[in-house]
Amino acid sequence: MEIINRRQRLASLTRKIRRENKTIGFVPTMGALHQGHLSLVQEARQMSDVVIVSIFVNPTQFNEGSDFKKYPRDLTADAATLSDYQVDYIFAPDENEIYGENFSTYVYVENLTETLEGAARPGHFRGVATVVTILFNTIRPDFAFFGQKDAQQVAVIERLTKDLGFDTEIIVAPTVREDSGLAMSSRNARLTDEEKAAAPIIYRALKEVRSAFNRGERSAAALHDILEKTIESEPLAKIDYIAVVDNTTLEPLERIGENRALVAAAVRFGDVRLIDNIVLDPKQ
Ligand code: AMP
């Protein structure tokens, strides 16, 4: 395993790998790795000849400077973890390596980026789309791996990949959860014991919604109501948003028809904001 800091070096290395007709699997991360990230790495290892993981806390996707500064960083620990997972290369650039002097070109994905997480975090998806474009351009991966936990991010990246014509297949891996059902996240470490005991209510509520859907409920308002009431039964939970939307366009739904629906929630416990979601598939 090699740690690469320079974009130029990564570009020439991946050019060579392609010339050898080897496939490249790419897993973008911000580090502070947990089982959620590692499940993506495992999938990449199975599908590709060469696995590249990027670790870059991307400043442009944070709308609060303090959040960016507080983000946990431990490259040594992350590299040790990744070496157990047969990763070939870690790309860990400095900020200047990605955003050089006079950087002025951003990627903005219309329609998908102003709702849900985009409404709560203005500019977030512009930052995500921009850094992913730069990384895809540099690496030109055959496969890129993203977690279902960040469902809107998946919708944005799939759109961007099609629109900009990247020859990269987007692979979406299921959300990895603690035994309690709580979706794994680097933010979980900031929960108090009490909050951590309360936070699994999000997934319990999403499962209630799935049960109702499986019993035949197709009204978005009814499903929304079940989600809201169940989460509100936990006094420590403060709902930021909950939504029942089309899984591809992210447009609000009145009824779940032929297409898959995304049921998403963002909930605060103290000053920690957690997100989670499920997809309801009428064809299953
Ligand atoms: P991040 O480091 O937070 O930018 O996340 C890097 C990638 O890991 C993204 O594609 C996330 O969706 C994915 N990810 C984060 N948490 C989980 C999880 N609990 N299960 C599956 N994927 C995850």
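Located above this text is the structure these notes cover.
Residues numbered from 1 in each chain as written. Predicted model: local features only at pLDDT ≥ 70, side-chain atom pairs only at ≥ 80, totals over all residues. Heavy atoms only, no water.

1. A word on the packing of helix H7 (residues 124-139) against helix H8 (residues 151-164)
At step 1: Viewed as axis vectors pointing N to C, H7 and H8 meet at an angle of 50°, and their least axial separation amounts to 10 Å. Relative to H8, the element H7 is oriented oblique. Judged by the twist between their axes, the crossing of H7 over H8 is right-handed. Contacts between H7 and H8 involve Phe125, Val128, Ala129, Val132, Thr133 and Phe136 from the first element and Gln152, Gln153, Val156, Ile157, Leu160, Thr161 and Leu164 from the second.
At step 2: When the residues that make up the contact of H7 with H8 are grouped by side-chain class, the tally is nine nonpolar, four polar and no charged. (Axes fitted to C-alpha atoms, helices over the stretch in contact; angles between N-to-C directions. Helix = DSSP H or I, 4+ residues; strand = E, 2+ residues; numbered from the N terminus. Parallel < 35°, antiparallel > 145°, perpendicular 65-115°, else oblique. Left-handed = near helix turned anticlockwise from the far one by under 90°. Contact = heavy atoms within 4.5 Å. Nonpolar A, V, L, I, M, F, W, Y, C, P; charged D, E, K, R; others polar.)

2. A short note on the site of the ligand
At step 1: With respect to spatial proximity, 17 residues lie near the ligand, and among them Met30, His37, Asp150, Val176 and Met184 are the closest.
At step 2: The backbone of methionine 184 places a nitrogen or oxygen atom 2.9 Å from a nitrogen atom of the ligand.
At step 3: Bound to the protein, the ligand loses 92% of the 480 Å² it would expose on its own.
At step 4: Grouping the constituent residues of the shell around the ligand by class yields eight nonpolar, seven polar and two charged. (Near = heavy atom within 4 Å. Polar contact = N/O pair within 3.5 Å; in protein donor to acceptor, adjacent residues only side chain to side chain. Areas by Shrake-Rupley, 256 points an atom, 1.4 Å probe, with all protein chains shown as cover.)

3. Side note on the side chain of serine 54
At step 1: Positionally, serine 54 belongs in strand S3 (residues 50-55).
At step 2: We classify serine 54 as buried; its relative accessible area is 1%.
At step 3: In contact with serine 54, not counting residues within four places along its chain, are Phe26, Val27, Pro28, Thr29, Phe91 and Leu135. (Buried < 20%, exposed > 50% of the residue type's maximum accessible area, 1.4 Å probe, protein only.)

4. Examining the packing of aromatic side chains
At step 1: For the structure shown, the criterion picks out seven aromatic pairs.
At step 2: Here the aromatic rings of phenylalanine 26 and phenylalanine 136 are separated by 6.3 Å at their centres, their planes lie at 75°, and the arrangement is edge-to-face. Of this pair, phenylalanine 26 sits in strand S2 (residues 24-29) while phenylalanine 136 sits in helix H7, and the two are 110 residues apart along the sequence.
At step 3: Among the residues examined, phenylalanine 136 registers a relative accessible area of 1% and is labelled buried. (Phe/Tyr/Trp six-rings, centres within 6.5 Å; stacked < 30°, edge-to-face > 60°.)

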